[in-house]
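# Chains, contacts and geometry: an overview
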Amino acid sequence: MPLPEFDYIRPKSVEELVSILAKHGSEAKLMAGGTDLLVLMRDRLVRPRYVVDIKGIGELQGLSWDEGRGLTIGAAVTLNEIIASEVIRERFGALWSAASELADPTVRNRATLVGNICNASPAADTAPALLVHNAEVEAVSAKGSRKIPIEDFFKGVKRTALGPDEFVKAVHLPNPPDGAKSWYLKWKRTWGEDLALVGVAGLVANSGKWIVRVALSSVAPTPVLVAEIQNAFEGGGTLEEKIEKAAASIPGGICPITDVRCNAEYRTHVAAILTKRVLRKLLGLG
Amino acid sequence: MSKHKISVRANGQLYERDVEPRRTLLQFIREDLGLTGTKCACERGDCGLCTVLVDGVPTKSCLVLAVEVDGKEITTIEGLMEGEELNPVQRAFIEHGAVQCGFCTPAFIVAGGALLKRNPSPTEEEVKEAVGGILCRCTGYRQIIDAILDASKGAKK
Ligand SMILES: Cc1cc2nc3c(=O)[nH]c(=O)nc-3n(C[C@H](O)[C@H](O)[C@H](O)COP(=O)(O)OP(=O)(O)OC[C@H]3O[C@@H](n4cnc5c(N)ncnc54)[C@H](O)[C@@H]3O)c2cc1C
């Protein structure tokens, strides 16, 4: 089935994009890699009058990192560019591993990080990594620019905090605490390309005091950070006991559904197991 | 909906065409350029049979608009011969019988060739990873992987 009709616009600057959205916001859809948008359009689930291709905008390209400001990833940066970054591999392991698990290498030549979060699927692989890394989303419109903490960005299945005239310019990740490590584990039906049955990102640091964060995909209407995990590491006990306590808090922090890929009970079970696995991996317990 | 004039170099030849925005690169290649070696199956990015190179990068052409490739260079299975000779991946596919029904073959050869250009001696894992976005419903993966690995050895000689 052919795609429905639309007009194609390719702005060259952020200002141009701002004015296009100010004028046509509710009738327009942005396109980065198009790997979600074109599928949704083919299925007639979205019918934009205007498709606005953002890949011609220089300011949205490229990622940068520095010791003070941390990591900034522009809206046109592809997942393969993220995987190729040494800094991300070394300091933002959860983001690196999530990008490496998303779809397949050919899709990742086009698919972007920002497209992944703006699509706001509960299964978005990069979202848990951004949650454990305290990312901020830089949103821009004719009214100016604002920073949205990633925890406030997802509003429901396929819904975000963005207004119709607003777009994401970049995502910022602060430098993680000293000695922090992070990783993402994805449970799928096959070794090849598949959406997550459950995805779990963890971040662990300890310079005197434990900082432990765990966030999950595919277990609630939005990707979720489970705050109780931190409490499990505040009290006494051995590391193994803390991990068990952390895993025991998972079912209370999620609300999975049964769908074509698996049932809710299975998701709850796997979520706790993956939480233990990712924490054990980050704590060097094999 | 207004058409856009695009100019694209496909397999070395320059084409100028007016395209509707909704035309995919896959439709453009098969229907406007008549290059039917690139196959159309799922049209939603899952099967990878429409894989072509855009400026040398493997790309699922069903998820790209033709207007987006204005000024770019496209390589399809028809453009892989080295003069009158088959390229090493094409030759290895024949030697290994890595073809059953043949419908996925162009995509695997295009993606396999792109891998060897980037990484002339891949491991088996790297081959599997690189072609992971392409499905063979006859499930002849073993021969396909062996052929790409063998072509990499041939290229090193
Ligand atoms: C075969 C296949 C496999 C896939 N596997 C996975 C997987 O394993 N895990 C996973 O998480 N996803 C998967 N996806 C989904 C998709 O590839 C990812 O979500 C991808 O990161 C989307 O990025 P994109 O650049 O292609 O987004 P696009 O399709 O360009 O955009 C997605 C949405 O975000 C909006 N948007 C894009 N950029 C902006 C911006 N700057 N500001 C505001 N809105 C914006 C668009 O309007 C659209 O609604 C898969 C898709 C396919 C086709």
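Higher on the page you've got the structure.
Here the structure is a predicted model, which means the values were calculated and not measured.

Looking now at unusual backbone geometry. Residue and element names in this part refer to chain B. With a phi close to 55 degrees, Glu43 is a non-glycine residue in the positive phi region. Here Thr139, not a glycine, exhibits a phi torsion of approximately 55 degrees, which is positive. In this fold, Thr139 is placed in the loop between helix H4 (124–130) and helix H5 (141–156). The exposure class assigned to Thr139 is exposed, which follows from its relative accessible area of 52%.

Residue and element names in this part refer to chain A. Of note, Arg277 is situated in helix H13 (residues 264–282). Taking the C-alpha atoms as reference points, Arg277 and Gly70, 207 residues apart in sequence, are found 28 Å from one another. Excluding anything up to four places from it in sequence, Arg277 contacts Leu185 and Trp187.

Once that is clear, we can look at the side chain of Asp125 of chain A. All names here are of chain A. On the secondary structure map, Asp125 appears in the loop between helix H7 (113–119) and helix H8 (126–132). One polar contact links Asp125 to Tyr184, side chain to side chain, over a distance of 2.5 Å. Excluding anything up to four places from it in sequence, Asp125 contacts Ala98, Glu101, Leu102, Asn116, Tyr184, Lys186 and Ala196.

All names here are of chain A. Pairing in this open sheet of three strands is parallel, and the strands run S1-S3-S2 from one edge to the other. A strand with exactly one partner marks an edge of an open sheet, and here the two such strands are strand S1 (7–9) and strand S2 (28–31). Pairs of neighbouring strands in the sheet enclose a mean axial angle of 25 degrees, with direction left out of account. In terms of strand pairing, S1 meets strand S3 (residues 50–53) through three bridges, oriented parallel. Bridge pairing in S3 links Ile9 to Val52. Packing against the sheet, helix H1 (residues 14–24) makes contact with S1, S2 and S3, and its axis sits at approximately 150 degrees to S2.

Taken together, the contact between chain B and chain A spans 27 residues of the former and 26 residues of the latter. Note on chain B versus chain A: buried area summed over both sides is about 2,300 Å², and carbon and sulfur give 53% of it. When residues of chain B are sorted by the area they lose upon contact with chain A, Met1, Arg22 and Leu63 of chain B head the list and together hold 28% of the total. Summed over the shared surface of chain B and chain A, the result is seven salt bridges. Among the ionic pairs, Glu68 of chain B bridges to Lys55 of chain A, the shortest N-O distance being 2.7 Å. For the interface between chain B and chain A, the tally reads 10 residue pairs in polar contact (both at pLDDT 80 or more). Listed by contribution, the elements that provide at least two residues to the side of chain B that touches chain A are strand S4 (57–60) and H4 of chain B.

All names here are of chain A. Tracing the chain through its elements places Ala201 in strand S12 (residues 198–206). Note on Ala201: relative accessible area 0%, which makes it buried. In this structure the C-alpha to C-alpha distance between Ala201 and Ser182, which are 19 residues apart in sequence, comes to 7.2 Å. If we skip the residues at most four places from it in the chain, Ala201 touches Ala94, Pro128, Ala129, Val132, Trp183, Tyr184, Arg213, Val214 and Ala215.

Residue and element names in this part refer to chain A. Across the sheet, five strands lie side by side as S4-S5-S10-S6-S7; this open sheet has antiparallel pairing. Since the sheet does not close on itself, it has two edges, and those belong to strand S4 (63–66) and strand S7 (144–149), each with one partner. Put simply, the sheet's adjacent strands are angled 20 degrees from each other on average, direction ignored. Strand direction decides the pairing type here: S4 and strand S5 (residues 70–74), joined by four bridges, are antiparallel. Residue pairing across strands places Leu63 opposite Ile73, the latter belonging to S5.

Reading guide: rules and limits
- Residues numbered from 1 in each chain as written.
- Chains lettered and ligands numbered in written order.
- Predicted model: local features only at pLDDT ≥ 70, side-chain atom pairs only at ≥ 80, totals over all residues.
- Heavy atoms only, no water.
- Helix = DSSP H or I, 4+ residues; strand = E, 2+ residues; numbered from the N terminus.
- Buried < 20%, exposed > 50% of the residue type's maximum accessible area, 1.4 Å probe, protein only.
- Contact = heavy atoms within 4.5 Å.
- Polar contact = N/O pair within 3.5 Å; in protein donor to acceptor, adjacent residues only side chain to side chain.
- Pairing = 2+ DSSP bridges.
- Axes fitted to C-alpha atoms, helices over the stretch in contact; angles between N-to-C directions.
- Buried area = accessible area lost by both parts, 1.4 Å probe.
- Salt bridge = Lys/Arg side-chain N within 4 Å of Asp/Glu carboxyl O.

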